[in-house]
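Summary of the model geometry
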Amino acid sequence: MADSIKAMIDRGQDPKDLLIETCQPECKYWKDKLTRCENAMKALVASDPEKTCMYPLRDYVTCTESCVQPKIFKHLKGNESGWYS
């Protein structure tokens, strides 16, 4: 996986979509929480249109990003010394 990430970056491609797929299992708890919220919102939106699933969505995105970003960052040029590892 690390070689394919580096190769994608060298070709100028963004490996983020590939890594999101690999990181999703680590964030299953937050995805399930978001899904439960979205299902509950279907019933509540008519009575209270200001309610949202913003916080469960934020938690899911934060989990995914915290998994993806370090995997990309360590392959960027200028980070060969590995100070971010």
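These numbers were taken from a predicted model, which means no experiment stands behind them.

Description of the pattern of salt bridges
Here the structure, examined in full by the defined rule, presents 4 salt bridges. We note a salt bridge from Asp10 to Lys6, for which the minimum N-O separation is 3.7 Å. Taken together, the residues Asp10 and Lys6, both in helix H1 (residues 2-10) and 4 residues apart, mark about one turn of the helix. Of the residues examined, Asp10 reaches a relative accessible area of 46% and is grouped as partly exposed. Ionic pairing is found between Asp32 and Lys28, a salt bridge with its closest N-O pair at 2.8 Å. Of this pair, Asp32 and Lys28 both sit in helix H3 (residues 28-44), 4 residues apart, which is roughly one turn of the helix. The partly exposed category is assigned to Lys28, whose relative accessible area is 48%.

Side note on the confidence of the model for the protein chain
Chain-level statistics for the protein chain give a pLDDT mean of 88 and a share of 92% at 70 or above. Least confident of the elements in the protein chain is H1, whose mean pLDDT is 86; most confident is helix H4 (residues 54-73), at 95.

Overview of H4
Taking 1.5 Å as the rise per residue, H4 with 20 residues should run 28 Å; its terminal C-alpha atoms sit 27 Å apart, in good agreement. Where H4 is buried, its residues meet H1, helix H2 (16-23) and H3.

Thoughts on the packing of aromatic side chains
Evaluated as defined, the whole model comprises 1 aromatic pair. Note on Tyr29 and Trp30: the rings are 4.8 Å apart at their centroids and 80° apart in plane angle, and the pair reads as edge-to-face. The class for Tyr29 is exposed, based on a relative accessible area of 53%. With a relative accessible area of 27%, Trp30 lands in the partly exposed category. Sitting above the plane of the Tyr60 ring, Lys31 keeps its charged end 5.3 Å from the centroid.

A closer look at the environment of Lys31
Position of Lys31 among the secondary structure elements: in helix H3. C-alpha separation for the pair Lys31 and Thr52, spaced 21 residues apart in sequence, amounts to 15 Å.

Concerning the state of the cysteines
The final tally for this structure, using the stated rule, is 3 disulfides. Between the sulfur atoms of Cys27 and its disulfide mate Cys63 the distance is 2.1 Å. Torsion about the S-S bond of the Cys27 and Cys63 cystine: about -90°, corresponding to left-handed handedness. Of this pair, Cys27 sits in the loop between H2 and H3 while Cys63 sits in helix H4, and the two are 36 residues apart along the sequence. For the residue pair Cys27 and Cys63, the accessibility class agrees, reading buried in each case. The connectivity of the disulfides in the protein chain is 1-6, 2-5, 3-4, where the numbers refer to bonded cysteines in sequence order.

Rules and cut-offs
- Each residue is numbered by its place in its chain's sequence as written, counting from 1.
- Only residues with pLDDT of at least 70 are given local features in this predicted model, and only at 80 or more are side-chain atom pairs given and counted; all residues enter the totals for whole chains, interfaces and linings.
- Heavy atoms from the whole structure form the basis of all side-chain values; hydrogens and water molecules are not counted.
- Here, a salt bridge means any side-chain nitrogen of Lys or Arg that lies within 4 Å of a carboxyl oxygen of Asp or Glu.
- Strands here mean DSSP runs of E at least two residues long; helices mean DSSP runs of H or I at least four residues long; both are numbered from the N terminus.
- Exposure categories follow from relative accessible area, calculated using a 1.4 Å probe and restricted to protein chains: below 20% of the type maximum is buried, above 50% is exposed, and the middle band is partly exposed.
- The pLDDT value tells you how sure the predictor is about a given residue, anywhere from 0 up to 100.
- An expected span of 1.5 Å times one less than the residue number is assigned to each helix.
- Any two residues having at least one pair of non-hydrogen atoms within 4.5 Å are treated as being in contact.
- Centre distance within 6.5 Å is the pairing criterion for rings of Phe, Tyr and Trp, where only the six-membered ring of Trp is used; planes under 30 degrees apart are then read as stacked, over 60 as edge-to-face, and the remainder as tilted.
- Placement of a positive charge over a ring is assigned whenever Lys NZ or Arg CZ falls within 6 Å of the ring centre and within 35 degrees of the normal to the ring plane.
- Cysteine sulfurs are considered disulfide-paired once they come within 2.5 Å of each other.

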